[in-house]
Amino acid sequence: MPEMTYIQAISDGLRLEMRRDQRVILLGEDVGVYGGAFKVSLGFQEEFGPWRVIDTPLSETAIVGGATGAALMGMRPVAEMQFADFISCAWDQLVTVAAKQFFRVGTPIPIVVRLPSGGGFSGGPFHSQNPESSFAHIPGLKIVCPATPHDAKGLLASAIEDPNPVLFFEHKHLYRRIKGEVPEDRYTIPFGYANVHRPGDDATVVTWGAMVHTATAAAAELAKEGFEVEVLDLRTLIPWDKERVLEGVQRCSKVLVLHEDTRTGGFGAEIAATIAEEAFEHLDAPVMRLAAPDTPVPFSPPLEKAFIPQVDDVVTALRELAAY
Amino acid sequence: MSTGTQTEVVMPQMGVSVSEGTVTKWLRQVGDAIGRDEPLLEISTDKVDTEVPSPAEGVVAQILVQEGETVEVGTVLATIAPAGAEIPPPAAEPAPEPAHAPVAPAPAPEPEPVVAAVAPPAAEPAPAVAAVAAPAAPAPPVTPAAAENGRTFVSPVVARIAAEHGVNPAAVPGTGTGGRVTKKDILSFIESGPATAPPPAPTPAPPVEVAPPPASEPVADTAPTPPPVASEPEPAPVAAAPAPAAAPAPPPPALAPAPAAPPPAAEPVAAQAELTPGEELEPMSAMRRGVMAHMRRSVDTAAHVTSAIEVDMARVVALRAKLKPELAAQKVNLTYLAFIARATVDTLLDYPWVNGELRGQSIVTRPYINLGIAVALDEGKGLIVPVIRNAQDLNLTGTARAIQDIAERARTKKLLPEDVQGGTFTITNPGSFGTFHGTPIINQPQSAILGTYALVKRPWVIQDDLGSDVIAIRPVMNLTLTYDHRLVDGAYAGMCLRDIRDRLESWDDAAY
């Protein structure tokens, strides 16, 4: 099994889908000749031609609107935002049109919007956000947040197959930093199933995206102190694996919900509330949340480090849970 | 501990015989700023529920006694640090003594998103500060056990496991913060521990705790009575026999629950039956324990007899209707109780033994009346008897105002210790609920208690101006006098009741 970086796995998965299914087209700013802002589609226009790998004007509304129209006509478009932050420009097409179309008139909109997201490299407030919870609140959209190369490839295939609009949050900080074994052939990973990234019985960390790796490093620290932490990677937020989370709560009785997005209204609040509602009698400590503070992402490297939960922060939180 | 500059808050002495108090509620938490004399916590003793003010201005540095805990008078409850002082960081060691709650620093304030949003461009340092205000160290969601839970907090999962296995969590050694019982603690306790589950009593009070007379009672100390039987689980019949003793003691503080003569019988705690399905346990408040002990002691002490009399309240009703608006303007609520209290106080001056007290083999009488008024609290689940001092000096308006004042302060827990001490006679008013008769228990060491009952319209035989009997509709009230027959005989009590009635029926407007 070859080893791939996270971004290679996305690129590989996309290529396999385009080879497999003629309806899959790619559109976005500079996805064609330039190969995409992060070179995910480098060489795609040569292989699939300019009609399937379309350079669009600088208009996110046009990209998502065009993808939605193409999906209505039977295509399986994959739209790329250069940065997830810019999806707000396409809010209306995505939220008002794509998410609701099937429920209004019965025509599915099988689009995938690829969203390079997250911080950790001084991208500043416009290029570092994790806006997944805004869209998790919109019925009709699915939210995918892979943390590993293996999951990125398998989940992308599932996203393209899915008949609904799917937001595919690719964490930029993982692109070239995370490597892993990825099967050469096509495979899918079903939505709604969490992955145990690290087993443990003393506390469970519920997280996704880049924080999976932060949590795992922190769990290794706690293991030295004899406190075994489970790291549960949700992989998809809509749908999210409630059963597996509640199982972890019942087993461990101590929970840390961790995300890189800001705290207030973050998806962690939904998870914490669900645990309180459905697993209250299994709790041995208050459900703990660790997230970025409620400000835009700072530009300065030391401030950004203070903003994004770091391994030490997770260690501190877990120690607090351990001692409770 | 560096308390050099810190001020300690201690459990106050809420009356001479009160040796302990229960913290019912912390009104400020660790890290909160507080001004001098601002309320810091609420306590409950068997005499008084009251607020304890902060003795100093500053910041609450430590809370050492958790809500629900009962501690002795003088125990340090909290410390107040001067404003701006460093509050000691939480103790990192996992085994703090239970009472010593490690104090968490006030969580860093979450930065206001708005601040950063409207701040000038990123180069400006100001928004940077805002952004970093809640930095890497995320504000701990809730400071665990330490701050507010202590040993008594039981987490949901521990509660569930305890219930499923019939284990009393209090019996499990805790290893969590502040000695909290963790899930692991209770699971290993069940695995290894004794399967014999103790009854899940929240506060298994030893029998000794409730029964013995408070140590500070001079009478109890000097009276050559049989040795206390407090440790004996069953009520000792001998205790009921009066054991009057020549007690040349100086006049003790006339405290309500002073056990004048015999040692109190042990509380009925001997047989604690297992809970049957559907039954629930709730802990007893300090006030309830006080009432429990006091009622039992009074019945074991006095020879209770009750006499009743019917009073035609027509004059009082008419007068009250006339005066009520006038007094309302002075913010005084004129009640029938005020009339009765006024008439009773005047009468008691003529019957000093009803206002007196048996002390050893002597009879104590007074030239004054400290009138206790029984006040129901907590929707009938609590009772306190604040006292109007020198009630003989008050006219009708003053009496009404005094009753209103103590009742209000009793309900808002603003009574002071001296407000419940030194009563010489008590009035209780169960009639407000419509009851027409009762046999109250005497408030020891007093000798009698007056009960007032519902005012109802009755067909009543009166004499008209010509001396002929006629039947009229009159507002009639029953009054009872329950007295200690050891001191007060039936004739004496009857005359006293008759005089109270006569004062009410012939109410002289000008005299009051």
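Residues numbered from 1 in each chain as written. Chains lettered and ligands numbered in written order. Predicted model: local features only at pLDDT ≥ 70, side-chain atom pairs only at ≥ 80, totals over all residues.

**Structural notes on the overall build of chain B**
Here is step 1 of the chain: Looking only at helices and strands, chain B has eleven helices and 18 strands in total.
Here is step 2 of the chain: Looking at chain B alone, contacts between residues at least 24 apart form 69% of all its contacts between residues at least 6 apart. (Helix = DSSP H or I, 4+ residues; strand = E, 2+ residues; numbered from the N terminus. Contact = placed C-beta atoms within 7 Å.)

**Comments concerning the packing of helix α3 (residues 156-165) of chain B against helix α4 (residues 183-192) of chain B**
All names here are of chain B.
Here is step 1 of the chain: Between α3 and α4, the shortest axis-to-axis distance is 9 Å and the interhelical angle comes to 15°. In this view, α3 runs roughly parallel relative to α4, as classed from their interaxial angle. The two elements α3 and α4 meet at a crossing, and its hand is left-handed. Along the contact surface, α3 presents Val157, Val158, Ile161, Ala162 and His165, while α4 presents Lys183, Ile186, Leu187 and Ile190.
Here is step 2 of the chain: Considered class by class, the residues forming the contact of α3 with α4 number seven nonpolar, one polar and one charged. (Axes fitted to C-alpha atoms, helices over the stretch in contact; angles between N-to-C directions. Parallel < 35°, antiparallel > 145°, perpendicular 65-115°, else oblique. Left-handed = near helix turned anticlockwise from the far one by under 90°. Nonpolar A, V, L, I, M, F, W, Y, C, P; charged D, E, K, R; others polar.)

**Overview of helix α9 (residues 267-278) of chain A**
All names here are of chain A.
Here is step 1 of the chain: With twelve residues, α9 should cover 16 Å at 1.5 Å per step; its first-to-last C-alpha distance of 17 Å lies within 8% of that length.
Here is step 2 of the chain: Along α9, the residues classified as buried are Phe267, Gly268, Ile271, Ala272 and Ile275. Projected down its long axis, α9 carries its buried residues within an arc of 145°, all on one side. Among the exposed residues of α9, those oriented more than 90 degrees off its buried face are Ala273 and Glu277. (Expected span 1.5 Å × (residues − 1). Buried ≥ 20, exposed ≤ 12 C-beta atoms within 10 Å, placed from the backbone. Arc of directions from axis to C-beta.)

**Some thoughts on the sheet that holds strand β18 (residues 469-484) of chain B**
Residue and element names in this part refer to chain B.
Here is step 1 of the chain: The strand order across the open sheet formed by six strands is β9-β18-β17-β16-β12-β15, and the pairing between neighbours is mixed. Each having just a single partner strand, β9 (304-312) and β15 (387-388) make up the two edges of the open sheet.
Here is step 2 of the chain: As judged from the nine bridges shared by β9 and β18, these two strands associate in the antiparallel manner. Looking across to β18, one finds that valine 305 is bridged to tyrosine 483. (Pairing = 2+ DSSP bridges.)

**Details of unusual backbone geometry**
Here is step 1 of the chain: For the peptide bond that leads from isoleucine 238 of chain A to proline 239 of chain A, omega is -5°, which places it in the cis range.
Here is step 2 of the chain: Secondary-structure assignment places proline 239 of chain A in the loop between β12 (236-238) and α8 (242-252).
Here is step 3 of the chain: Omega for the peptide link from glutamine 444 of chain B to proline 445 of chain B comes to 5°, which places this bond in the cis form.
Here is step 4 of the chain: Counting through the fold element by element, proline 445 of chain B comes out in the loop between β16 (425-428) and β17 (448-463).
Here is step 5 of the chain: Phi is positive for lysine 413 of chain B, which is not a glycine, with a value near 60°.
Here is step 6 of the chain: Tracing the backbone through its elements, the reader meets lysine 413 of chain B in the loop between α10 (396-411) and β16.

**Side note on the nonpolar core**
Here is step 1 of the chain: Val113, Leu167, Phe168, Val205, Leu256 and Leu318 of chain A are the most contacted members of the largest nonpolar core, which totals 118 residues.
Here is step 2 of the chain: Counting 57 residues, the second-largest nonpolar core is a separate cluster that includes Ile373, Ala391, Val488 and Leu504 of chain B. (Core = buried A, V, L, I, M, F, W, Y, C linked by C-beta atoms within 7 Å.)

**Regarding the environment of glycine 178 of chain B**
Residues and elements named next belong to chain B.
Here is step 1 of the chain: Tracing the sequence through the fold places glycine 178 in the loop between α3 and α4.
Here is step 2 of the chain: For glycine 178, a count of 27 C-beta atoms within 10 Å corresponds to the buried category.
Here is step 3 of the chain: Put simply, glycine 178 and phenylalanine 153 are 25 residues apart on the chain and 9.6 Å apart in space, counted from C-alpha to C-alpha.

**Some thoughts on α3 of chain B**
Residues and elements named next belong to chain B.
Here is step 1 of the chain: Buried within α3 are the following residues: Val157, Val158, Ile161 and Ala162. The arc that holds every buried residue of α3, seen down its axis, measures 135°, which confines them to one face. Exposed residues on α3 whose side chains face more than 90 degrees from its buried face are Ala163 and Glu164.
Here is step 2 of the chain: Each element contacted by the buried residues of α3 is listed here: α4.

**Some details on the confidence of the model for chain B**
Residues and elements named next belong to chain B.
Here is step 1 of the chain: In the predicted model, chain B carries a mean pLDDT of 75, and the fraction of residues at 70 or more is 69%.
Here is step 2 of the chain: The low-confidence segment residues 90-151 (pLDDT under 50) makes 120 contacts with residues lying over four places distant or belonging to another chain.
Here is step 3 of the chain: Long-range and interchain partners of residues 195-270, a stretch whose pLDDT sits below 50, account for 150 contacts in this model, where long-range means more than four residues apart.
Here is step 4 of the chain: Both scores are given for the predicted complex: the pTM is 0.49, the ipTM 0.80. (pLDDT = per-residue confidence, 0-100.)

**Overview of the sheet that holds strand β3 (residues 33-34) of chain B**
All names here are of chain B.
Here is step 1 of the chain: Strand order in the open sheet made by the four strands is β1-β8-β6-β3, with antiparallel pairing throughout. Strands at the two margins of the open sheet, each flanked by one partner only, are β1 (7-10) and β3.
Here is step 2 of the chain: Two elements, β3 and strand β6 (residues 58-63), share two bridges in a ladder whose sense is antiparallel. The partner of isoleucine 34 across the bridge, within β6, is glycine 58.

**Some words on the packing of helix α3 (residues 60-72) of chain A against helix α4 (residues 91-105) of chain A**
Residue and element names in this part refer to chain A.
Here is step 1 of the chain: Two elements in contact, α3 and α4, have axes separated by 9 Å at closest approach and are oriented at 15°. In this view, α3 runs roughly parallel relative to α4, as classed from their interaxial angle. Two packed elements cross with a definite hand, and for α3 against α4 that hand is right-handed. Contacts from Thr61, Val64, Gly65 and Thr68 in α3 reach Gln93, Leu94, Val97 and Ala98 in α4.
Here is step 2 of the chain: Residues that form the contact of α3 with α4 fall into these classes: four nonpolar, four polar and no charged.

**Quick look at the pairing of β18 of chain B**
Here is step 1 of the chain: Taken together, the 14 bridges between β17 of chain B and β18 of chain B define a ladder with antiparallel strand orientation. Following the sheet pairing, alanine 448 of chain B is matched in β18 of chain B by tyrosine 483 of chain B.

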